[in-house]
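Read off the chains here:
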Amino acid sequence: MEQTIQQKSAIDLWSSKRPLIISGPCSAETEEQVVQTAVRLANTGKVDMLRAGIWKPRTRPGSFEGIGTKGLPWLQQAKKITGLPLTVEVATGKQVEDALHFDVDVLWIGARTTVNPFSVQEVADALRGAGVPVLIKNPINPDLELWTGAVERVAKAGINNIGLIHRGFSSYGNTEYRNAPMWHLAIEMKRRNPDLIMINDPSHICGRRDILLDVAQKAIDLDFDGLMIESHIDPDKAWSDAKQQITPEKLADMLGTIIWRKEDINSEAFHAALEKLRQQINHLDDELLQLLGQRMKIADKIGEFKRNNGITILQTNRWNEILERAFRKGEALGLSNEFITKYFDAVHMESINHQNKVMNS
Ligand code: PEP
Ligand code: MN
């Protein structure tokens with residue numbers, strides 16, 4: 001006997017379910033794979049929407065480029081059985097029409113499409129009057145203006161529910177991640193668009209399973225609204241992105257391991273304690289600025305001294321000595337080499353500018 005499953009409303013989940021968890025295979029491969037993945041994800045009780053790539057934008061030709069429109073009825077079937085709303089990537093006007101025809105609830109624009117204003121405009125034109133929520137992945141290159149442009153084109157087409165997906169940025173010779181997260185860019189995009197939901201996609205950032213949890217935890221700590229994570233019933237045999245997919249049960253374990261923090265709580269004692277710590281930070285920041293001002297005054301003096309003796313501003317040995325000293329001291333203080341390098345680069349540049357002014361005055 002067929003059970004009637006309560007279909008969940010995508011709009012309700014979109015507006016009020018936090019964290020919003022989206023999962024499903026990188027690509028729809030066969031009807032059985034789609035339906036089984038959906039059933040096992042639904043059984044975890046931890047997933048809100050089902051994702052699957054129908055048209056796959058692959059870096060190199062000859063890889064699996066997606067099952068195409070014939071996979072859409074499989075998704076409909078999965079939705080009927082599990083009640084999970086569907087989300088699919090669209091990159092052309094025809095794909096938008098097909099997805100809507102098969103009742104896909106939420107559409108997403110992929111990273112390779114966001115980079116191309118022609119494609120985004122074509123998708124936006126096809127979306128006019130559709131009323132579906134649309135998620136927009138960051139462009140593959142670290143360019144917030146392109147991401148913003150895509151949001152504007154979709155908004156101009158009358159789409160009111162727009163969300164962002166942070167999936168990392170491509171960078172040459174990058175080793176740890178498939179796509180470097182560059183968290184500061186996602187944070188800045190969130191700051192500029194406080195009304196848009198922001199979802200993190202650890203799968204495409206990591207490109208491998210073993211660091212998914214770290215990235216997901218970090219996104220939750222940064223108050224993202226949800227996660228999109230790829231899941232496959234037999235990850236090693238997946239037709240695309242095999243290395244980064246996990247089984248529905250592994251996904252459930254992972255979601256169970258994440259520490260879910262709240263952005264705010266209503267306790268006076270908590271706010272008072274936080275305020276006190278923030279005052280301490282402000283106080284220390286003031287002192288650091290005072291000290292930096294003093295440091296630059298000394299740089300001015302050195303500038304004068306060098307000018308009077310006719311020697312160059314930059315002396316490489318001295319710079320190496322400063323950095324090595326700082327690495328050693330920083331390590332004992334729990335400061336990473338990466339931070340020390342960035343901090344001293346900035347301080348050094350400011351010092352050079354000061355000396356330059358003095359020497360050429
Ligand atoms: C995907 O989600 O499977 C995908 C192709 O992602 P991206 O656009 O982030 O590369
Ligand atoms: Mn993928």
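Refer to the structure above for everything that follows.
Just so it is clear, the model here is predicted, and its values are computed rather than measured.

Procedures and definitions
- Residues numbered from 1 in each chain as written.
- Chains lettered and ligands numbered in written order.
- Predicted model: local features only at pLDDT ≥ 70, side-chain atom pairs only at ≥ 80, totals over all residues.
- Heavy atoms only, no water.
- Salt bridge = Lys/Arg side-chain N within 4 Å of Asp/Glu carboxyl O.
- Helix = DSSP H or I, 4+ residues; strand = E, 2+ residues; numbered from the N terminus.
- Buried < 20%, exposed > 50% of the residue type's maximum accessible area, 1.4 Å probe, protein only.
- Phe/Tyr/Trp six-rings, centres within 6.5 Å; stacked < 30°, edge-to-face > 60°.
- Expected span 1.5 Å × (residues − 1).
- Contact = heavy atoms within 4.5 Å.
- Donors = N, O, S within 2.8 Å, 3.2 Å for Na, K, Ca; no water.
- Core = buried A, V, L, I, M, F, W, Y, C linked by side-chain atoms within 4.5 Å.
- Near = heavy atom within 4 Å.
- Polar contact = N/O pair within 3.5 Å; in protein donor to acceptor, adjacent residues only side chain to side chain.
- 1 Å grid on protein atoms, 1.4 Å probe; cavity = no way out; pocket = protein on both sides within 12 Å on 5 of 7 lines; lining within 4 Å.
- Sits in = over half its atoms within 2 Å of the grid points.
- Nonpolar A, V, L, I, M, F, W, Y, C, P; charged D, E, K, R; others polar.
- Pairing = 2+ DSSP bridges.
- Axes fitted to C-alpha atoms, helices over the stretch in contact; angles between N-to-C directions.
- Points joined across faces, edges and corners; volume = space filled by probe spheres on them.

Asks: For the pattern of salt bridges, give the residues involved together with the corresponding values.
Replies: As a working rule, side chains carrying opposite charge can pair if their charged atoms are close by. Counting across every chain of the model gives 17 salt bridges. Across the pair Lys79 and Asp105 runs a salt bridge whose closest N-O atoms are separated by 2.9 Å. Remark: Asp105 occurs in the loop between helix H4 (93-101) and strand E4 (106-109) and Lys79 occurs in helix H3 (residues 72-82); sequence separation between them is 26 residues. Residue Lys79 is classed as buried on the basis of its relative accessible area, which comes to 13%. Among the ionic pairs, Lys137 bridges to Asp201, the shortest N-O distance being 2.7 Å. Of this pair, Lys137 sits in strand E5 (residues 134-137) while Asp201 sits in the loop between strand E7 (197-200) and helix H9 (202-206), and the two are 64 residues apart along the sequence. The residues Lys137 and Asp201 share a single accessibility class, namely buried. Here the residues in one salt-bridge network are Glu145, Glu188, Arg191 and Arg192, joined through shared partners.

Asks: If you had to explain the packing of aromatic side chains to someone new, which residues and values would you point to?
Replies: Counted under the stated rule, the structure contains four aromatic pairs. Summarising the aromatic geometry, the rings of Phe64 and Trp239 are spaced 5.0 Å apart at their centres and angled 90° between planes, so their arrangement reads as edge-to-face. Of this pair, Phe64 sits in the loop between strand E2 (49-51) and H3 while Trp239 sits in the loop between strand E8 (226-230) and helix H11 (248-257), and the two are 175 residues apart along the sequence. Accessibility expressed as a relative area gives 42% for Trp239, which makes it partly exposed. Three or more aromatic residues link up through ring pairs in this structure, and these residues are Phe339, Tyr343 and Phe344.

Asks: For helix H12 (residues 268-309), give the residues involved together with the corresponding values.
Replies: Across its 42 residues, H12 extends 61 Å between first and last C-alpha, which sits within 8% of the 62 Å expected from 1.5 Å per residue. Within H12, the full set of buried residues consists of Met296, Ala299, Gly303 and Lys306. The inward-facing, buried residues of H12 contact helix H14 (337-359). At the C-terminal side of H12, Gly310 shows a positive phi close to 65°.

Asks: Could you give me a rundown of the coordination of the manganese ion (ligand 2), with the residues and numbers involved?
Replies: Around the manganese ion (ligand 2), the protein supplies Cys26 (SG), His204 (NE2), Glu230 (OE) and Asp241 (OD) as donor atoms, at distances of 2.1 to 2.4 Å. One chain supplies every donor for the manganese ion (ligand 2), spaced along it as C-x177-H-x25-E-x10-D. Taken as a pair, His204 in helix H9 and Glu230 in strand E8 lie far apart in primary sequence, 26 residues in all.

Asks: Explain the nonpolar core to me, and be specific about the residues and the numbers.
Replies: In this structure, Leu75, Leu127, Ile136 and Leu227 are the most contacted members of the largest nonpolar core, which totals 61 residues. Ignoring anything within four residues of it in the chain, the contact list for Leu127 reads Val96, Leu107, Val132, Val134, Val154 and Ile159.

Asks: Would you mind going over the site of ligand 1 in detail, with residue names and values included?
Replies: Taken together, Cys26, Arg51, Lys56, Glu89, Trp108, Gly110, Ala111, Arg112, Lys137, Arg167, His204 and Glu230 make up the full set of residues near ligand 1. Glu230 is positioned with one of its side-chain polar atoms (N or O) 3.2 Å from an oxygen atom of ligand 1. Here ligand 1 is seated within the second largest pocket. Per-class residue counts for the shell around ligand 1 are three nonpolar, two polar and seven charged.

Asks: Give a detailed account of the sheet that holds strand E6 (residues 162-166), specifying residues and quantitative values.
Replies: Taken together, the eight strands give a closed barrel; going around it, the order is E1-E2-E3-E4-E5-E6-E7-E8, and neighbouring strands pair in parallel fashion. The mean angle between the axes of side-by-side strands here comes to 25°, regardless of whether they run parallel or antiparallel. Pairing analysis gives two bridges linking strand E1 (residues 20-24) to E2, with the strands arranged parallel. Within the sheet, the bridge partner assigned to Ile22 lies in E2 and is Met49.

Asks: Would you mind going over the environment of Val358 in detail, with residue names and values included?
Replies: Inspection of the secondary structure assignment puts Val358 in helix H14. Residue Val358 is classed as buried on the basis of its relative accessible area of 14%. Sequence spacing of Val358 and Lys306 is 52 residues, and the spatial spacing of their C-alpha atoms is 9.6 Å. Sequence-distant contacts of Val358, defined by excluding residues within four places in its chain, comprise Asp300, Gly303, Glu304 and Arg307.

Asks: Residue-level account of the layout of surface pockets, with values.
Replies: In this structure, the largest pocket spans a volume of roughly 700 Å³. Considering the residues around the largest pocket, the lining is formed by 25 residues, among which Arg295, Arg318, Trp319, Ile322 and Phe344 are closest to the centre. For the lining of the largest pocket, the elements supplying multiple residues, two or more each, are H12, helix H13 (316-332) and H14. Top element by residues in the lining of the largest pocket is H14. It accounts for eight residues. Of the residues in the lining of the largest pocket, the class split is 15 nonpolar, five polar and five charged. Within this model, the second largest pocket holds a volume of roughly 240 Å³. Around the second largest pocket sit 18 residues that line it, and Pro57, Arg112, Arg178, His204 and Asp241 are the ones nearest its centre. Looking at the lining of the second largest pocket, its residues break down into four nonpolar, four polar and ten charged.

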